[in-house]
Each structure stands twice: as structure tokens, then as C-alpha cells.
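Examining the three-dimensional arrangement
Each chain, letter by letter, is given below.
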Amino acid sequence: MAAMLVVAAFVVAPQAAAARSACTWRMQALQAPTGATQHQVDATDHNGGYSGRAYFSDTGWRIIYWKNGRVIDYGSSGHGTDRVVAQNSSGTIAGTSVTGLGASAISFRIRDGQRERLTPLPGAELNSRAIGITENGDVYGNAVVWQGTTTVAVVVRWPHDRPGVVEQVTDIPEGMRVFDVDHDGTLLVGTETTYPWPHLWRDGRLTRLPEAPDMQHGYARTITDGLVAGSLRLGSDPNRPAYWDRNGQPHVLPQSSLAAHINRNGLIVSSLTSTPFQVWRYGTLVGQLSDAASVTTIGDDDTIGGTTRGPNNQPAAAVWRCT
């Protein structure tokens, strides 16, 4: 089933290019929902809108959408802790609600302001978790089902045009999970290992991304418009941020350890621990986010979303722009 890419030439981003800083990343705090004690951005519609969650002492976590100066409260599923996992440019949100330490999970989609609980895969009624959303509104995720005395992960899809339908993506081997979803429906998948090697799935074809010379291990966590980002360890060096270009060629950045987010323009956020987050344009360093407590998303409009510390020292939703 797996189709191997031809191993491409490997590129390490030069230190000289990485040392140039192109701009200052300035933070904009988003309006706090009334009554919320903390709030954060989790995803973006790439057009100035940001979705996430806010915590209220009386009701817990609720889904929030910041758009055109408005704060829209989509409420809670009532199942557990609600969170946004992805959003497309139409504003449709995919999310999950998890109880406790992940003992059970349901998934939902919010489109045109209406919340829809996504039908779980039979046998995984409380373990069907949305991971990402396509531009047309299809939601993909993972389900864990019992097979005899053991459990196995399978990839599932909730079609945008068939409410109430869930289907297993049968041409992805069992035991593989989806880690991220591209705009066009390409899936970034990998096995259940410490360093799951990245594969791409599209239209029934599974492709293994090529390795770099002298590689010890590597993994990836995100895909956008064909660009894949993650981490590689080469030889005796520590883990470094890495990305694969649209031709499948791997590249390593000289600083930090993980390329955690990437957009279609090659804008990358990397981190070593939590802060400071570094911002790259492919192999060129273009600044850092010294006042960011977390980074959760990059828009294709080159805005970065996450959290800073609010006046009460709790997480507060924020967006950064290059000026």
C-alpha cells in the first residue's frame, strides 16, 4: 500500500541566513469574553477570525469565536472539556470534548453558527476524536475500537455533505493515526510509536516521506498546503526543527528543537521548551515571540495565534503580526 518517495537531496538551513531578523512581531490581545477567567486561541479561519475556548467558573469551558470585533460564544457540549482542534476558511469549527484524563471523548462540528455532534464510529462511541478539517468541511479523526482483547486505532471521516454519517478510511492500515489534515484532504499519518515517521495519505495512496542522511529519528505534527513540519535528529546532534517542502525534500533549521506550526507561505514557529518561540520563513529567522505563553496556530494570512499572560496571570488569547 505504501508508495515510496524518491529520496531527495537534504538541505540544512545556513546559519548566516537564519541570523537575519526581518521584522518585529507585535502582540494584539483579543477581547476577553465577559465572565471568563482564562481564554485562548486554538485555530484560525485565515481571514482575521480566531476560534478557541474560554473558562467560566460556573459552566466550565465554552467554545469562542473572535471575528470582526465580536466575541461569539458557542457554548459547551456538556460532555466534558470542549476544545477546538481546527477551523477552515469558511469559519467551520471542528472540536472535541474530553472527560477527565481522556477517559471518554466525543467530537463536534460548528458551522453557520450551529453545533452538530459528530456520530461516533460503532464500537468507539466514547473514543472517536476529531483531529482536523478540510476546506470543504470534511472532518477527519481517530477512533479506538476493540478487536478481541486489544484495541486498535483507525482513521475516520465525517463527510461535510452527509450529516450523521461516519466512515472508516479503510485504505489506511490499522494502527496508524491521523495527526493533521491539509486543506485539500491530504492526511498526515503515522504509527503509534514515540517517533511516528510521517506518511501522507491522499485518494487512497499512502506515501512515506523521505529520510535525511545520518538520521537517528524524526517525526512530524502538522501539514499545510503540502508543507510538513516536525523534528529530526541527525547523527549526534540534538533534535532540530525540520520541514519537508512540497517536493518531499527535508530541511533542518539550525536552532531550537521542533517546528510546531507551519503555514502555506513557509512561516514556521519553532520552540525548544515553551518560550521564546522563534519565527522562521523557511530557513530564515524572522523574529521571536518573547511575550507568548503558548502558540497554537498560524494563519495563511501570516498571523500567529496562542496565549499570553493576562492581568490575573492566567492564559489570555492573543494574536501576533509582523510589523
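Residues numbered from 1 in each chain as written. Predicted model: local features only at pLDDT ≥ 70, side-chain atom pairs only at ≥ 80, totals over all residues. Heavy atoms only, no water.

Tallying secondary structure elements over the protein gives one helix and 30 strands in all. Computed over the C-alpha atoms, the radius of gyration of the protein is 19 Å, within 12% of the 20 Å expected from 2.2 N^0.38 for a compact globule of 323 residues. The buried share of the protein, reckoned over its 323 residues, is 55%. By element, 48% of the accessible surface of the protein is carried by carbon and sulfur atoms, the whole surface being about 13,900 Å². The distance from the centre of the 26 positive side-chain charges to the centre of the 28 negative ones in the protein is 4 Å. (Helix = DSSP H or I, 4+ residues; strand = E, 2+ residues; numbered from the N terminus. Rg over C-alpha atoms; globule rule 2.2 N^0.38 Å. Buried < 20%, exposed > 50% of the residue type's maximum accessible area, 1.4 Å probe, protein only. Areas by Shrake-Rupley, 256 points an atom, 1.4 Å probe, with all protein chains shown as cover. Lys, Arg positive; Asp, Glu negative; His and termini not counted. Charge placed at Lys NZ, Arg CZ, Asp CG, Glu CD.)

Note on sheets: strands pair through backbone hydrogen bonds, and any given pair is parallel or antiparallel. Read across the sheet, four strands follow the order S4-S5-S6-S7 without closing on themselves; strand pairing throughout is antiparallel. Looking along the sheet, the strands with just one partner apiece sit at the ends: strand S4 (36-44) and strand S7 (70-75). Along the sheet, successive strands turn relative to each other by an average axial angle of 30 degrees, direction set aside. (Pairing = 2+ DSSP bridges. Axes fitted to C-alpha atoms, helices over the stretch in contact; angles between N-to-C directions.)

We now examine the nonpolar core. Counting residues in hydrophobic clusters, the biggest one holds 16 residues, and the most contacted among them are Leu-121, Val-139, Ala-143, Val-156 and Trp-158. Of all the elements in the fold, those that place two or more residues in this core are strand S8 (81-87), strand S12 (128-133), strand S13 (139-147) and strand S14 (150-158). Here this core gets four residues from one element, more than from any other, and that element is S14. (Core = buried A, V, L, I, M, F, W, Y, C linked by side-chain atoms within 4.5 Å.)

This model, assessed by the stated rule, comprises five aromatic pairs. Measuring from centroid to centroid gives 6.5 Å for Tyr-65 and Tyr-74, while their planes differ by 25 degrees, and the two rings are stacked. Over the aromatic face of Trp-61 sits the side chain of Arg-53, whose NZ or CZ is 4.9 Å from the ring centroid. Against the face of Phe-179 rests Arg-221, its NZ or CZ located 4.9 Å from the ring centre. (Phe/Tyr/Trp six-rings, centres within 6.5 Å; stacked < 30°, edge-to-face > 60°. Lys NZ or Arg CZ within 6 Å of the ring centre and 35° of its normal.)

The next thing to look at is the pattern of salt bridges. With the rule as written, the count across this model stands at 16 salt bridges. A salt bridge links Asp-225 to Arg-246, with the nearest nitrogen and oxygen atoms 3.0 Å apart. Remark: Arg-246 occurs in the loop between strand S22 (240-244) and strand S23 (250-252) and Asp-225 occurs in the loop between strand S20 (215-224) and strand S21 (227-234); sequence separation between them is 21 residues. Note on Asp-225: relative accessible area 32%, which makes it partly exposed. Residue classification places Arg-246 among the partly exposed residues on the basis of a relative accessible area of 44%. (Salt bridge = Lys/Arg side-chain N within 4 Å of Asp/Glu carboxyl O.)

Our focus in this paragraph is the confidence of the model for the protein. Overall, the prediction assigns the protein a mean pLDDT of 91, with 92% of residues at 70 or greater. Every residue in residues 14-21 scores below 50 in pLDDT, and together they form 17 contacts with partners more than four places removed in sequence or on other chains. (pLDDT = per-residue confidence, 0-100. Contact = heavy atoms within 4.5 Å.)

Before going further, it helps to examine the environment of Thr-37. Residue position: Thr-37 is located in strand S4. Judged by relative accessible area, which is 34%, Thr-37 ranks as partly exposed. Along the primary structure Thr-37 and Asn-312 are separated by 275 residues, whereas in three dimensions their C-alpha atoms are 8.0 Å apart. Not counting residues within four places of it along the chain, the set of residues in contact with Thr-37 comprises Tyr-55, Asn-312 and Gln-314.

Strands sit in the order S24-S25-S26-S27 across an open sheet of four strands; the sheet is antiparallel. The open sheet terminates on both sides in strands that have one partner only, identified here as strand S24 (258-262) and strand S27 (284-289). The sheet shows a mean angle of 30 degrees between the axes of neighbouring strands, taken without regard to direction. Where strand S26 (residues 277-281) lies against S27, five bridges are found, and the strand directions are antiparallel. Pairing of Trp-280 across the sheet is with Leu-285, part of S27.

Tallying each qualifying case throughout the model produces one disulfide. Residue Cys-23 pairs covalently with Cys-322 via a disulfide, S to S 1.9 Å. Sign of the S-S torsion, about -135 degrees for the bond between Cys-23 and Cys-322, identifies this disulfide as left-handed. Of this pair, Cys-23 sits in the loop between helix H1 (15-18) and strand S3 (25-29) while Cys-322 sits in strand S30 (residues 315-322), and the two are 299 residues apart along the sequence. Its relative accessible area of 14% is what places Cys-23 among the buried residues. (Disulfide = S-S within 2.5 Å.)

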